[in-house]
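Geometric and topological summary
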Amino acid sequence: MQVASILTLRNRISKVPIPKILVVDECQHLVSHTWKEVADYYSEQGTIILGLSATPKRLSGESLKECFDVMVQGPLIKELIDTYYRDSREIIEKLTSLIFGIDGLSSMRKR
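Residues numbered from 1 in each chain as written. Predicted model: local features only at pLDDT ≥ 70, side-chain atom pairs only at ≥ 80, totals over all residues. Heavy atoms only, no water.

With that settled, consider the overall build of the protein chain. When its secondary structure is counted, the protein chain shows three helices and two strands. Starting at the N terminus, the α and β elements of the protein chain follow one another as α-β-α-β-α. The proportion of buried residues among the 111 residues of the protein chain is 19%. In the protein chain, the proportion of contacts linking residues at least 24 apart, taken out of those at least 6 apart, comes to 63%. (Helix = DSSP H or I, 4+ residues; strand = E, 2+ residues; numbered from the N terminus. Buried < 20%, exposed > 50% of the residue type's maximum accessible area, 1.4 Å probe, protein only. Contact = heavy atoms within 4.5 Å.)

Structure representation (structure tokens):
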């Protein structure tokens, strides 16, 4: 496994072994010249390009359709917040019960 910034990878592209899978974080940048150059090179070598992004839309409006065959959308921010809140509350209640010997958050004194 190799880990590199896009500029390091571009500058050393002939020295880095061809990977089976190239994982690109912040893949919304793949439409920029440097990132596209690297992705195109590896794609031509048969490498699978897997792009990750929390913001798959570019401010310029450029599409990532030309970079990827499929897009898998994760949960919405609201769903993450709701899940985090529900799960964190459950964890806090269990810890409170274990540490202080009281029954969850409902037994704690409120200010």
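What follows continues from the structure just given.
Our next topic: unusual backbone geometry. Not every positive phi belongs to a glycine, and Glu26 is a case in point at roughly 55 degrees. For Glu26, the location among the structural elements is in the loop between β1 (21–25) and α2 (33–44).

Moving on, we get to the packing of aromatic side chains. According to the stated counting rule, one finds one aromatic pair in the structure shown. Judged by centre distance (5.1 Å) and plane angle (75 degrees), the ring pair of Tyr41 and Tyr42 falls under edge-to-face. On the basis of relative accessible area, Tyr41 is assigned to the partly exposed category, the value being 26%. (Phe/Tyr/Trp six-rings, centres within 6.5 Å; stacked < 30°, edge-to-face > 60°.)

Moving on to α2. Residue pairs spaced three or four apart in an α-helix point in one direction, given the helix's 3.6 residues per turn. Taking 1.5 Å per residue as the helical rise, α2 with its 12 residues ought to reach 16 Å, and the 16 Å between its terminal C-alpha atoms agrees with that figure. Taken residue by residue, α2 has Thr34, Trp35, Val38, Ala39 and Tyr42 as its buried positions. For α2, the angular spread of buried residues about the axis comes to 125 degrees, placing them on one side. Opposite the buried face of α2, at more than 90 degrees from it, the exposed residues are His33 and Glu44. (Expected span 1.5 Å × (residues − 1). Arc of directions from axis to C-beta.)

Turning next to the pattern of salt bridges. Enumeration over the complete set of coordinates arrives at one salt bridge. Here Asp40 ties to Lys36 by a salt bridge, and the two come within 3.0 Å at their closest N and O atoms. Here Asp40 pairs with Lys36, and both are found in helix α2, just four residues apart, close to one helical turn. (Salt bridge = Lys/Arg side-chain N within 4 Å of Asp/Glu carboxyl O.)

It is worth spelling out the environment of Leu9 at this point. The topology assignment puts Leu9 in helix α1 (residues 6–11). A C-alpha to C-alpha distance of 9.7 Å links Leu9 and Trp35, two positions 26 residues apart in sequence. Residues in contact with Leu9, not counting those within four places in the same chain, are Ala4, Val16, Leu22, Val38 and Tyr42.

This brings us to the nonpolar core. Val24, Leu30, Tyr42 and Ile49 are the most contacted members of the largest nonpolar core, which has 15 residues in total. Top contributing element to this core by residue count: α2, with four residues. (Core = buried A, V, L, I, M, F, W, Y, C linked by side-chain atoms within 4.5 Å.)

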